[in-house]
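Okay, here's what each chain looks like letter by letter:
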Amino acid sequence: MKVKWIIFSIITLFVSFIYFLSTAPTVVFWDVGEFLASSYNLGIPHPPGTPLYVLLAKFFSMLPIPLKEIKEFLQGYEANQIVLRITLIPILTGGLMAGFFYLIVVDSVSLFKNKDYENIWVHIVGIFVALTQAFTYSQWFNSIEAETYTPSLVSNVMAVYFVLVWLKNREKAGSIKWLILAAYILAVATGIQAISLFGFIGIFLFLAIFQRKYIWDDYFWGVLATILGIFVIWFNSYNVLQYINYENSLINFQKFSNQVNIITYNPELIYNEMSKITRNIFIYNIMLLIAYISMIWTMHKFRKLNFSNTLTILIVLLMIISIFFHFAHGSVISLIIASSSGLLAISLFFIYTQLYKNWKGVALIVILLAIVCEFWLLSRAHYLTHNPIVRINEGDPSNWYAFMDMLTRKQYGPPNPFERRIPIFEQFQVLGIYTSWQFTSIPYITTEQSLPILYIILILMIFGFILIFSENRTLFWLYLFGLVGAVVGLFIYQNPADAPSLPVNPSNITPDPITGQVKMEVRDREYFYILLYSTIIFYGGFGLLEVARILKKSLKLSIIPTIVITIFTVWVVYNMINHNWKYNDRHKNYIAEDFSYNILSSPIKSPNGAVLFTNGDNDTFPVWFMQEVLGYRRDVFNANLSLLNTNWYIKQLKGWGAPISLSNEDIDKLPVFIPTNNGLILLRDLAIRDMIATSVGYKTDEYVSILTEKGIVKIPQIYLEDGDEFIEEVVIGKEFKVPIYFSITCDPDAYRDYKKLFILEGLAWRINNDYTSLSETDEFSKVNLERTTYLLSGNFDPIYYIENYAKKYKLASDSIFRYRSIFDTSVYKDENHQRIYRNYAMVAFQVANMYKIQGNYEKSNRYFEFGNMFLRAITLGDIYVYLQIFNAELEIADNLIKMKKFSEAKNLLNKLKLKISQINDTEFVNYAMTRIEEKLMELDSLANLP
């Protein structure tokens, strides 16, 4: 026993240590910036809100552990204390996940019928399973960043282990505590990530089917009725509120439809939605009625159905009131009466029947206690609504309706697992691709020779599956439901689309002719299926154990199989670490922090702040981190274009001080879009126009009334006019009190009306109060040269700045752009990182062109070369990148010619010719060679002039 726990501790610490070494010293891309910022300042991240994770991360951020000093001592690069402390959560839970897999293997073999498996084999196989799953690509990736997947998934593995411990000790007094603990750990993990629900369902089905005597009794029916009643009342309240909202919308429509200019929605759609909700309410009410009948039956079975008892009469009376008002559902008052009377009846029933004296009743209590943390979202959001001290309050769940929107993830649309997004066979192919990436080279990243580890483990998995089935059927069903069942449940619910980086069916990338949607994920979702890869390895471990037994039986020696499985384990684990280290080692990766720093540095500092529109996760979440955690440029109002399509986000921007003149009441009434003669005006576009108009102090007496679901809202007529008309009336000649910028990463459709006003300043375009370009050919040509060159490289020569600062991880003075890690070839960069290089190159080329127009050819060449340095750092083999580099080289040659440096220009063109000939793209090579020959002919003609 002592050996087992020593090995468990070593595994946990070893895995955690490797994770710690490879974690980033600061923020990385995707949701990490959002989680770091919301955890540090107790904000509300995206639905479903992950309240327990936020609270846990806040606690970890305050722990007096000198992780920054330790990491800097070990690796020598600057690190952020808060980031490391919060990232310690996935690091430790990832280590624990490995440790618990080891424990499951060791304890499982002790319950096998066959005792031919030597203890040393069992420990070796346990180590094999633990470390191999820990160093798969995605498990490693998930465990070294401030994300929720590893902290949530470890609950599934721990719960399976707790059930296993119960199985070993179920005849002993007090052993039932392990089942209660399993229920609690899965329930509490829903506050981190709802993915743990599938493990909960799997383990319950295992117990209900194969451990029936511990489940099926009168207590179970009473507890089940209690659970059903609570959750029906909870979630049906959401249906009723939706129905009331739609009902009010129809009343508004009937009341105001003849008084307004624009109708923004079709009442037929509301009738359809109301009919669906009515059906749902009816089904929920029937379920509640069944729950109440079951409670009455339970009271009868427990001899508590005594109508001479006041408590019995009160419970039944409350049930009747609850059912009556649930079926009535005519108003918020009736909903409150229905819900409160029902919950009171259920509470009294639970106490009256003394269900809390049975383990299932205790399990229910701990489950309810575990999910109480969800309601922290409601209270925290309510506080932030009235005290907007934190700029992250996604969904604003400050009232019950919005809170339920958050929990049900309404922002992302309702999932439909019964209508597969792509054929199920293709979905299995996607899972196959994702699984292969865990052990072999990832085709879209590298062409390295892949290792055969996956194929060996798949063969061992079959042996392991058969072994567990033959040795202990109870364990077989536990793992099938608790692990495999959780994977299947997630797969059905998640309903994956095709993999964007390596589609199994290229036709899935073709947009739908009606909706315009593609059957591809926004990004690869391999990180969802960690439990799939771990389960394959888990069964493969038992297969390895069976191989050891067969070898012993054949060779009559135990030392040979011990040596064989030891060597195999060391070989696999070493290769897994060695192979996946390069993809997961981020200890020198500052790209996300520097990019967000550079974006925030771009707007000028203004007494009234500045508005900066950003596009998606990767140019928004790291900015939140910079502002909320590091406190940099909080004067900038970061307006995410995607979130601007929500009313709550516009209200929050107004609360932070952004220039918005619409009242909160009017913002609440604004529709998602408004049909006009010029096409659809999205809520996002309306918000942008209001910010521009407010910033320049625009006033008008011409308003248009719009009928929306919440009544009538009046907005300036000019907001709905053509873009050119809006600019002429509102912008031209006016002074911006609050400068307004669009990040160069923004969707062009968002700034289509304003691009002729743009002036480039760093990584953002500022809206000018006059035209900077009047034709499509010279748009974006205006550059604030002084400011942009300073931002790019300060007062240094740009090439000098890269060689002496960026490549040496040195920081210059405040606001000068930072490029750490970009030119370090030992730092692995995926496509998200490398896409950023093009932004830097584009800005450099704009500056180079401006210098060329001014006739400063020397400086122009320095910035063309500066831009090319970023493009040459891209390793994706994109022909468009080659074309950009080539065009920049031609511009450099052209500048040399203009400076009459003919020999230098000729040498450059000949070298370029040699480089181009080595590119494997005939069309591009032919185009490039033609351009070079033309330039050489021009050079020769100029060189021969007297």
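Conventions and cut-offs
Residues numbered from 1 in each chain as written. Predicted model: local features only at pLDDT ≥ 70, side-chain atom pairs only at ≥ 80, totals over all residues. Heavy atoms only, no water. Axes fitted to C-alpha atoms, helices over the stretch in contact; angles between N-to-C directions. Helix = DSSP H or I, 4+ residues; strand = E, 2+ residues; numbered from the N terminus. Parallel < 35°, antiparallel > 145°, perpendicular 65-115°, else oblique. Left-handed = near helix turned anticlockwise from the far one by under 90°. Contact = heavy atoms within 4.5 Å. Pairing = 2+ DSSP bridges. Buried < 20%, exposed > 50% of the residue type's maximum accessible area, 1.4 Å probe, protein only. Patch = residues over 30% accessible without salt bridge, like charges linked within 9 Å, V, L, I, M, F, W, Y side chains within 5 Å. Areas by Shrake-Rupley, 256 points an atom, 1.4 Å probe, with all protein chains shown as cover. Salt bridge = Lys/Arg side-chain N within 4 Å of Asp/Glu carboxyl O. Lys, Arg positive; Asp, Glu negative; His and termini not counted. Charge placed at Lys NZ, Arg CZ, Asp CG, Glu CD. 1 Å grid on protein atoms, 1.4 Å probe; cavity = no way out; pocket = protein on both sides within 12 Å on 5 of 7 lines; lining within 4 Å. Points joined across faces, edges and corners; volume = space filled by probe spheres on them. Nonpolar A, V, L, I, M, F, W, Y, C, P; charged D, E, K, R; others polar. Core = buried A, V, L, I, M, F, W, Y, C linked by side-chain atoms within 4.5 Å. Phe/Tyr/Trp six-rings, centres within 6.5 Å; stacked < 30°, edge-to-face > 60°. Lys NZ or Arg CZ within 6 Å of the ring centre and 35° of its normal. Polar contact = N/O pair within 3.5 Å; in protein donor to acceptor, adjacent residues only side chain to side chain. pLDDT = per-residue confidence, 0-100.

Here the focus is the packing of helix α18 (residues 424–437) against helix α21 (residues 530–555). It is the contact of α18 with α21, at a shortest axis distance of 10 Å, that shows an interaxial angle of 70°. The orientation of α18 with respect to α21, classified from their angle, is roughly perpendicular. Handedness of the α18/α21 crossing: right-handed. Of the residues in α21, those touching α18 at Leu 431, Tyr 434 and Thr 435 are Leu 532, Tyr 533 and Ile 536.

This part takes up the sheet that holds strand β3 (residues 636–640). Taken in spatial order, the five strands line up as β3-β2-β8-β10-β9 in an open sheet, and their pairing is mixed. The strands lining the two open edges of the sheet, one partner per strand, are β3 and β9 (758–761). Recorded for the sheet is a direction-independent mean angle of 30° between the axes of neighbouring strands. Here strand β2 (residues 610–614) runs beside strand β8 (residues 740–743); their pairing, made up of three bridges, is parallel. Bridge pairing in β8 links Phe 613 to Phe 742.

Taken residue by residue, helix α3 (residues 51–61) has Pro 51, Leu 52, Tyr 53, Val 54, Ala 57, Phe 60 and Ser 61 as its buried positions. Lining the buried residues of α3 we find α2 (32–40), α5 (81–109), α8 (149–169), α9 (177–189) and α16 (376–386).

There is a patch of like negative charges on the surface, built from Asp 701, Glu 702, Asp 722, Asp 724, Glu 725, Glu 728, Glu 729 and Asp 770. Take Asp 701: it is sitting in the loop between α27 (683–695) and β6 (703–708).

Quick look at empty space enclosed by the protein now. On inspection of all chains with the given rule, the structure shows four cavities of 30 Å³ or more. Taken as a whole, the largest cavity encloses approximately 70 Å³ of empty space. Elements with a contribution of two residues or more to the lining of the largest cavity: α8, α10 (196–210), α20 (473–494) and α21. The greatest single-element share of the lining of the largest cavity, amounting to three residues, is contributed by α20. A breakdown of the residues in the lining of the largest cavity according to their chemical character gives ten nonpolar, two polar and no charged.

Counting residues in each nonpolar core, the largest one holds 278 residues, and the members touching the most others are Tyr 479, Phe 538, Phe 613, Leu 644, Ile 715 and Tyr 819. Top contributing element to this core by residue count: α5, with 17 residues. Among all residues touching Phe 538, those that are not within four sequence positions of it are Phe 101, Ile 104, Val 105, Val 129, Ile 468, Tyr 479 and Leu 483. In this structure, Val 232, Met 295, Ile 323 and Phe 350 belong to the second largest nonpolar core, which totals 22 residues.

With that out of the way, let us pick up the environment of Phe 613. Residue placement: Phe 613 occurs in strand β2. Residues Phe 613 and Leu 644, spaced 31 residues apart in sequence, show a C-alpha to C-alpha distance of 9.6 Å. Ignoring any residue separated from it by four or fewer positions in sequence, one finds Phe 613 in contact with Ala 639, Leu 641, Leu 644, Ile 688, Met 691, Ile 740, Tyr 741, Phe 742, Ser 743 and Cys 746.

All right, on to a nonpolar patch on the surface then. A grouping of Phe 282, Ile 283, Ile 286, Met 287, Leu 289, Ile 290, Ile 293 and Phe 327 is seen on the molecular surface, where their side chains present a nonpolar patch of about 670 Å² in accessible area. Of the residues forming the nonpolar patch, the biggest block, seven residues, is contributed by helix α12 (residues 267–301). Along the chain, the position of Leu 289 falls in helix α12. For Leu 289, a relative accessible area of 34% translates into the label partly exposed.

Let us now look at the packing of aromatic side chains. All chains considered together, the criterion is met by 86 aromatic pairs. Relative to Trp 765, the ring of Tyr 751 has its centre 5.3 Å away and its plane inclined at 65°; by these criteria the two rings are edge-to-face. On the criterion of sequence distance, the pair formed by Tyr 751 in the loop between β8 and β9 and Trp 765 in strand β10 (residues 764–767) is long-range, its members being 14 residues apart. Taken as a pair, Tyr 751 and Trp 765 share a single burial class, namely buried. Here Tyr 819 and Tyr 840 contribute two aromatic rings whose centre-to-centre distance is 5.2 Å and whose plane-to-plane angle is 90°, an arrangement assigned as edge-to-face. Taken together, the positions of Tyr 819 in the loop between α30 (798–804) and α31 (831–854) and Tyr 840 in helix α31 put the pair 21 residues apart, joining distant regions of the chain. An identical accessibility class is assigned to Tyr 819 and Tyr 840; each is buried. The residue whose ring lies beneath Lys 58 is Tyr 40, and the NZ or CZ to ring-centre distance is 5.2 Å.

Once that is clear, we can look at the pairing of β9. Look at any regular strand and the pattern is simple: side chains alternate between the two faces of the sheet. Neither face of β9 is open: one carries Phe 758 and Leu 760, the other Ile 759 and Glu 761, and all of them are buried. With four bridges connecting them, β9 and β10 associate as antiparallel partners. The partner of Glu 761 across the bridge, within β10, is Ala 764. What sits between β9 and β10 in their antiparallel hairpin is a turn of two residues, with Gly 762 showing a positive phi close to 70°.

With six bridges connecting them, β6 and strand β7 (residues 711–716) associate as antiparallel partners. Across the sheet, Tyr 703 pairs through a bridge with Pro 716, a residue of β7. In this antiparallel pair of consecutive strands, β6 and β7, the connection spans two residues.

Another aspect to go through is the environment of Asn 856. Tracing the chain through its elements places Asn 856 in the loop between α31 and α32 (857–872). Judged by its relative accessible area of 31%, Asn 856 falls in the partly exposed class. Sequence-wise, Asn 856 and Leu 467 are 389 residues apart; in three dimensions their C-alpha atoms are separated by 77 Å. For Asn 856, the side chain forms a polar contact with the main-chain nitrogen of Lys 859, separated by 3.3 Å.

Another point: the packing of α8 against α20. Relative orientation of the contacting elements α8 and α20 amounts to 165°, with a least axis distance of 11 Å. Between α8 and α20, the angle is such that the two are roughly antiparallel. In this structure, the crossing between α8 and α20 has a hand that is right-handed. Listed contacts from α20 to Asn 156, Val 160, Val 163, Leu 164 and Leu 167 of α8 are Thr 474, Leu 475, Leu 478, Tyr 479, Gly 482, Leu 483 and Ala 486. Looking at the contact of α8 with α20 residue by residue, the class counts come to nine nonpolar, three polar and no charged.

Right, let's get into the confidence of the model for the chain. Low-pLDDT portions of the prediction should not be read for the details of their coordinates. Of all residues in the chain, 95% have pLDDT values of 70 or greater, and the mean over the chain is 88. Across residues 443–447, where pLDDT falls below 50, the model places nine contacts with residues more than four positions away in sequence or in other chains.

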